[in-house]
Amino acid sequence: MTVPTSTARLRCIACGSTPDSAAQDFRCVRCGDLLEFFFPEWVFDPATLKSLWLNRKTSRNPLDQSGVWRFRELLPHIPEEHAITLREGNTPLYQLPRCARIVGLDMLQAKHQGMNPTASFKDTGMTFAASSAHQGGFRWVACASTGNTSASMAAYAARGNMHSLVLIPEGKISWGKLSQSLDYGALTCQLRTDFDGCVRILNELVRQKPVCLLNSVNPYRIEGQKTAAIELLEQLGWEPPDHIIVPGGNLGNSSAIGKSLLEMRELKLISRLPKLSIIQAQGANPFYRSVREFGGTKLEPMTADTMATAIRIGNPASWKKALRVLQVTGGEVEQVTEVEIAAAKAEIGSDGVGCEPASAVTLAGLKILTQRGFVKPGESVVLILTGHLLKDPDFTIKFHRGDLFAGTPGENAARQTRPLQRAPVVLEADLGAVIAALDTAERNS
Ligand code: F0G
């Protein structure tokens, strides 16, 4: 079965101009806003696409084995010889029965994007953007990151024989993520600033040096990340859930998932849109404030602070794209506290799934959305878990030892999370001591 490749065009999201190619910083040369791809000639038979994608699951072609490239009809065309793939995507959709009970829903599902090759959702966008850099003949690729983008970029650059430059805020990313970028061979620069400061320097750098910018302002990233939603809908038998809930940091992921939903509806792959809601940490909530205080008319950058370091972002690049998604799908934006994030993370762990702190804002936000009646008990909800539990073991260990909030404003509120804590028990190497611990645990269970 063959389906023609699509012609993709670039368009500015603000002034609508349609340049033939993008500048080094991927911003509109006329007005400075972000670019996105659109597909003017799209005509597909939805049933043909669905069966083509399904058939590829049994193929031995590496591109068909990728959960991103499998859906290449809906992506701009990149010749196969430039494709860099680690067989990303193909992530599981899990039931979370304990979490469902906690929030009072009949059923709750989570799509775990932490089950990607470098253990975060970034791989779906990175396979595609790194491939486009390869096609462009770049020797160097670069990003500013809170840790996951850099880990992913370093891996894909290495696979594609390109050099990578990582700019990360010193002391503000987890060791797991930092160690990945070192092992994959990136030039890793820890800058004495925050994520937003790293972005500023990188934007200057790409104007002076021939490096390809791989942050999510690069529209190829958004295209690759679209496939998470296509794969999700395929897993649901093309029956849209009522709600999809995502964490919001730089707001690339929510933009990508929203774009994908709109395109799937346009192509009649689905008949209705889920509501896409975005959750931020209270200490890093510029988008929440933009929507709630200014009706989305402007976004005031802030100095962000949260222990969910992946989303410690005060000036999100893709906020206008994300705003459009909220408006079109009828989703909500919420903010959650540090203690709520920690509790939700342990609850997701208690379902045997686990995730990193930034991903847990989804469950914490869902609790608020159900309390407010925005999400109703019989409705179907999918949380997008963006990163793996092992990305940030420090957070997890401190939480279970009861140290996470010591000396912080959350110290009092954190008392209510004690029943969720499972500190390790240190015992003599003695059978009797282990049996006593087992009996105590059994009595308390
Ligand atoms: N969850 C995780 C685990 C992340 O790493 C990020 C972003 C987000 C959620 C937020 O996604 O930015 O698309 O709204 N991490 C970036 C990074 C910024 O550099 O790794 P977003």
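Residues numbered from 1 in each chain as written. Predicted model: local features only at pLDDT ≥ 70, side-chain atom pairs only at ≥ 80, totals over all residues.

A short note on the overall build of the protein chain
Move 1: Looking only at helices and strands, the protein chain has 15 helices and 12 strands in total.
Move 2: The proportion of buried residues among the 445 residues of the protein chain is 50%.
Move 3: Considering only contacts within the protein chain whose residues lie at least 6 apart along the sequence, 71% involve residues at least 24 apart. (Helix = DSSP H or I, 4+ residues; strand = E, 2+ residues; numbered from the N terminus. Buried ≥ 20, exposed ≤ 12 C-beta atoms within 10 Å, placed from the backbone. Contact = placed C-beta atoms within 7 Å.)

Observations regarding the site of the ligand
Move 1: Of all residues adjacent to the ligand, which total 23 residues, the nearest are Ser145, Gly249, Asn250, Thr386 and Gly387.
Move 2: Listed by contribution, the elements that provide at least two residues to the shell around the ligand are helix H5 (148–159), helix H9 (252–266) and helix H13 (357–371).
Move 3: Looking at the shell around the ligand, the element that brings in the most residues is H9, giving three residues.
Move 4: Residues belonging to the shell around the ligand are distributed by class as follows: five nonpolar, 16 polar and two charged. (Near = placed C-beta within 6 Å. Nonpolar A, V, L, I, M, F, W, Y, C, P; charged D, E, K, R; others polar.)

With respect to the pairing of strand S10 (residues 275–281)
Move 1: By the criterion of burial, S10 is predominantly enclosed, with seven of the seven residues buried.
Move 2: The side-chain alternation of S10 yields two buried faces, one formed by Lys275, Ser277, Ile279 and Ala281 and the other by Leu276, Ile278 and Gln280.
Move 3: Sheet topology places strand S9 (residues 243–247) next to S10; five bridges connect them, and they run parallel. Counterpart to isoleucine 245 in the pairing with S10 is serine 277.
Move 4: The handedness of the S9 to S10 crossover, carried by H9, is right-handed.
Move 5: Pairing of S10 with strand S11 (residues 333–336) involves four bridges; the strand directions are parallel. Bridging from a neighbouring strand, glutamine 280 pairs with glutamine 335 of S11. (Pairing = 2+ DSSP bridges. Right-handed = clockwise from strand over helix to strand, strands pointing away.)

Topic: the sheet that holds strand S12 (residues 381–385)
Move 1: One open sheet accounts for six strands, arranged S3-S4-S12-S9-S10-S11; its pairing is mixed. Edge positions in the sheet fall to strand S3 (93–95) and S11, since each of these pairs with one other strand and no more. The sheet shows a mean angle of 25 degrees between the axes of neighbouring strands, direction not considered.
Move 2: Note that S3 and strand S4 (residues 109–112) share three bridges and pair antiparallel. Along S4, the bridge assignment pairs leucine 93 with lysine 111.
Move 3: Relative to the sheet, helix H10 (residues 286–294) contacts S10 and S11, its axis offset from that of S11 by approximately 130 degrees. (Axes fitted to C-alpha atoms, helices over the stretch in contact; angles between N-to-C directions.)

Some points on H13
Move 1: With 15 residues, H13 extends 22 Å between its outermost C-alpha atoms, agreeing within 8% with the 21 Å of an ideal straight helix rising 1.5 Å per residue.
Move 2: In terms of burial, H13 is largely enclosed, as 12 of its 15 residues are buried. (Expected span 1.5 Å × (residues − 1).)

Structural notes on the sheet that holds strand S7 (residues 187–191)
Move 1: Read across the sheet, four strands follow the order S7-S6-S5-S8 without closing on themselves; strand pairing throughout is parallel. Strands with a single pairing partner mark the edges of an open sheet, and in this sheet they are S7 and strand S8 (211–213). Geometrically, the sheet is characterised by an average inter-axis angle of 25 degrees between neighbouring strands, direction not taken into account.
Move 2: In this structure, strand S5 (residues 140–144) lies alongside S8, joined through three bridges in parallel fashion.

Brief notes about the pairing of S7
Move 1: Both strand S6 (residues 163–169) and S7 contribute to a ladder of five bridges, which runs parallel. Across the sheet, residue leucine 167 finds its bridge partner in S7, namely cysteine 189.
Move 2: Viewed along the sheet, the connection from S6 through helix H6 (residues 175–183) into S7 turns out right-handed.

Examining the packing of H5 against H6
Move 1: In contact at an axis separation of 8 Å, H5 and H6 are set at 20 degrees when each is read in the N-to-C sense. Here H6 runs roughly parallel to H5, going by the angle between their axes. Crossing geometry of H5 relative to H6 is assigned as left-handed. Between H5, through Asn148, Ser150, Ala151 and Ala154, and H6, the contact on the second element is made entirely by Lys177, Gln180 and Ser181.
Move 2: When its residues are assigned to classes, the contact of H5 with H6 shows two nonpolar, four polar and one charged. (Parallel < 35°, antiparallel > 145°, perpendicular 65-115°, else oblique. Left-handed = near helix turned anticlockwise from the far one by under 90°.)

Thoughts on the nonpolar core
Move 1: Core analysis: the largest hydrophobic core is formed by 120 residues, its most contacted members being Ala130, Val141, Met153, Leu214, Ile341, Val361 and Leu383.
Move 2: Ignoring any residue separated from it by four or fewer positions in sequence, one finds leucine 383 in contact with Ala110, Ile245, Thr362, Leu363 and Leu366. (Core = buried A, V, L, I, M, F, W, Y, C linked by C-beta atoms within 7 Å.)

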